[in-house]
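Fold and geometry: a report
Listed below, chain by chain, are the residues.
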Amino acid sequence: MTTTVWLYKVTRPVQIIAAASSTWVAALLSNGPDPFSSNKVAAAAAMGLGVLAASIFHYGAANRMYARKVWDLVEVENPAGFVAIGIVIFTASCAIAVIYLPWECSAIAIADAIIVVLYARILSKRWVTKNTVIAFVCTTPILMGWWAGHRLHPIVPYAIVIAFSAYLAREIVKDIQDIRANEGIRVTLPIQLGIIGAMRIAGIFAAVSAVVTASLFGVFHPSVATGLLIIFAIAEFTLVAHHLFVHQEPARIHQDITRGIYALILSVVVLTLPL
């Protein structure tokens, strides 16, 4: 593995961009049209740093599990150093939220940090907490952006349900891929119920995301550009659900989920444009 690939895996820039963008878009909906007001920039920065901290911290704290991933092996020579760096970045993320944002945003940043710190040793041991808390953390960019402003846009509740269900499906699928790495360390859904059972449950959550995304047409009557992006998101979530219900082995469908989330982010950006 080259240094560039290793850095890409450890820092997860796609997830950082997705989290920061989701936060910024939600803030755009909740606090006026100025795209670069202090609350929007601070909220996106705090969330982006939080995701970076979570990735680096977890690669150190859960190094034993990552070293067993045959399909996605990431070697970390100094796990304690990664943990320390993660804590430093978490501190910076929380500081930005405390200084520039309402207390609700500070609470989110601090809660995310606490969850990630407790995840490797405690919360990830059983699937009930493992999958739900990560799905919640992945949904907090929307909450951060919403609470960075002063009003609730009607699309936000839908976005929360879509994101939570999609990320919950993604986490279950990742556990299917990580069965060997998790054996003896964690009790995940596919270990307890089997691969097929886990795939069906993940498929239900992916289908929920597809259905709720489709319902946006009846609620908001989007423009052509927004509608096309929503259709793309529906297609991605539907593809994930179809694969999980029909196929016997999970593909790397978390990429489809990420594309669906990005399409939703873009659709909301287009929704806010004065067209």
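Throughout what follows, the structure given in this document is the object of discussion. Source: prediction; values computed, not measured.

Rules behind the numbers
- Residues numbered from 1 in each chain as written.
- Predicted model: local features only at pLDDT ≥ 70, side-chain atom pairs only at ≥ 80, totals over all residues.
- Heavy atoms only, no water.
- Helix = DSSP H or I, 4+ residues; strand = E, 2+ residues; numbered from the N terminus.
- Rg over C-alpha atoms; globule rule 2.2 N^0.38 Å.
- Buried < 20%, exposed > 50% of the residue type's maximum accessible area, 1.4 Å probe, protein only.
- Areas by Shrake-Rupley, 256 points an atom, 1.4 Å probe, with all protein chains shown as cover.
- Core = buried A, V, L, I, M, F, W, Y, C linked by side-chain atoms within 4.5 Å.
- Salt bridge = Lys/Arg side-chain N within 4 Å of Asp/Glu carboxyl O.
- Contact = heavy atoms within 4.5 Å.
- Expected span 1.5 Å × (residues − 1).
- Axes fitted to C-alpha atoms, helices over the stretch in contact; angles between N-to-C directions.
- Parallel < 35°, antiparallel > 145°, perpendicular 65-115°, else oblique.
- Left-handed = near helix turned anticlockwise from the far one by under 90°.
- Nonpolar A, V, L, I, M, F, W, Y, C, P; charged D, E, K, R; others polar.

**Notes on the overall build of the protein**
- Along the protein, the regular secondary structure elements total 13 helices and 0 strands.
- For 275 residues, the compact-globule estimate of 2.2 N^0.38 gives 19 Å, and the C-alpha radius of gyration of the protein, at 18 Å, lies within 12% of that figure.
- For the protein, the spread of C-alpha atoms along the principal axes amounts to about 55 × 45 × 35 Å.
- Here the protein holds 275 residues, and the buried ones make up 51% of them.
- Here the protein displays about 12500 Å² of accessible surface, and carbon together with sulfur accounts for 71% of that area.

**Remarks on the nonpolar core**
- Core analysis: the biggest nonpolar cluster contains 44 residues, and F237, L244 and I261 have the highest contact counts within it.
- If you list the elements that add at least two residues to this core, you get α2 (13–30), α6 (103–119), α7 (127–147), α8 (155–177), α11 (195–220), α12 (224–246) and α13 (254–272).

**What to know about the pattern of salt bridges**
- For the coordinates displayed, the defined rule picks out 5 salt bridges.
- One salt bridge in this structure joins R170 and E171, with 2.9 Å as the shortest N-O distance.
- Two residues, E171 and K174, come together in a salt bridge whose shortest N-O distance is 3.7 Å. In this pair, E171 and K174 are both assigned in helix α8, 3 residues apart and thus about one turn of the helix distant.
- By relative accessible area, E171 is classed as buried at 5%.
- Assessed through its relative accessible area of 22%, K174 is described here as partly exposed.

**Some thoughts on the environment of Y119**
- Inspection of the secondary structure assignment puts Y119 in helix α6.
- A relative accessible area of 6% places Y119 in the buried class.
- Measuring from C-alpha to C-alpha, the distance between Y119 and H58 comes to 8.3 Å, with 61 residues separating the pair along the chain.
- Beyond its immediate sequence surroundings of up to four residues, Y119 is in contact with H58, S124, K130, V133, I134 and R186.

**Notes on α6**
- Between its terminal C-alpha atoms α6 stretches 24 Å, which fits the 24 Å expected from 17 residues at 1.5 Å a residue.
- Of all the residues in α6, the buried ones are C105, S106, I108, A109, D112, A113, I115, V116 and Y119.
- Tucked inside the fold, the buried residues of α6 contact α3 (38–61), α5 (79–100) and α7.

**Section: the side chain of N39**
- When you line up the elements, N39 lands in helix α3.
- Under the relative-accessibility criterion, N39 is labelled buried at 9%.
- Apart from the residues lying within four places of it in its own chain, the contact partners of N39 are N31, L101, A148 and G149.

**Considerations on unusual backbone geometry**
- In the Ramachandran plot, R12 falls in the positive-phi region, its phi being about 50 degrees despite a non-glycine side chain.
- For R12, the position within the fold is in the loop between α1 (3–11) and α2.
- The backbone of H221 shows a phi angle near 45 degrees, a positive value even though the residue is not glycine.
- With respect to the secondary-structure elements, H221 resides in the loop between α11 and α12.
- In this structure H221 comes out as exposed when scored by relative accessible area, which is 63%.

**Thoughts on the packing of α3 against α5**
- Two elements in contact, α3 and α5, have axes separated by 7 Å at closest approach and are oriented at 160 degrees. Accordingly, the angle class assigned to the pair α3 and α5 is roughly antiparallel. Between α3 and α5 lies a crossing whose hand is left-handed.
- Here the contact of α3 with α5 is built from residues that sort into 22 nonpolar, 4 polar and no charged.

**Quick notes on the packing of α7 against α8**
- Look at α7 against α8: their axes get within 8 Å of each other, and the N-to-C directions meet at 150 degrees. With respect to α8, the axis of α7 lies roughly antiparallel. Remark: the crossing between α7 and α8 carries right-handed chirality. Mapping the contact onto sequence places K130, N131, T132, I134, A135, F136, C138, T139, I142, L143 and W146 in α7 and V156, A159, I160, A163, F164, Y167, L168, R170, E171, I172 and D175 in α8.
- When grouped by side-chain class, the residues that make up the contact of α7 with α8 number 15 nonpolar, 3 polar and 4 charged.

**Examining α12**
- Taking 1.5 Å of rise per residue, 23 residues should cover 33 Å, and α12 covers 32 Å from first to last C-alpha, within 8% of that figure.
- Turning to α12, its buried residues number three or more, namely T226, G227, I230, A233, I234, E236, F237, V240, A241, H243 and L244.
- For α12, the secondary structure elements touched by its buried residues are α8, α11 and α13.

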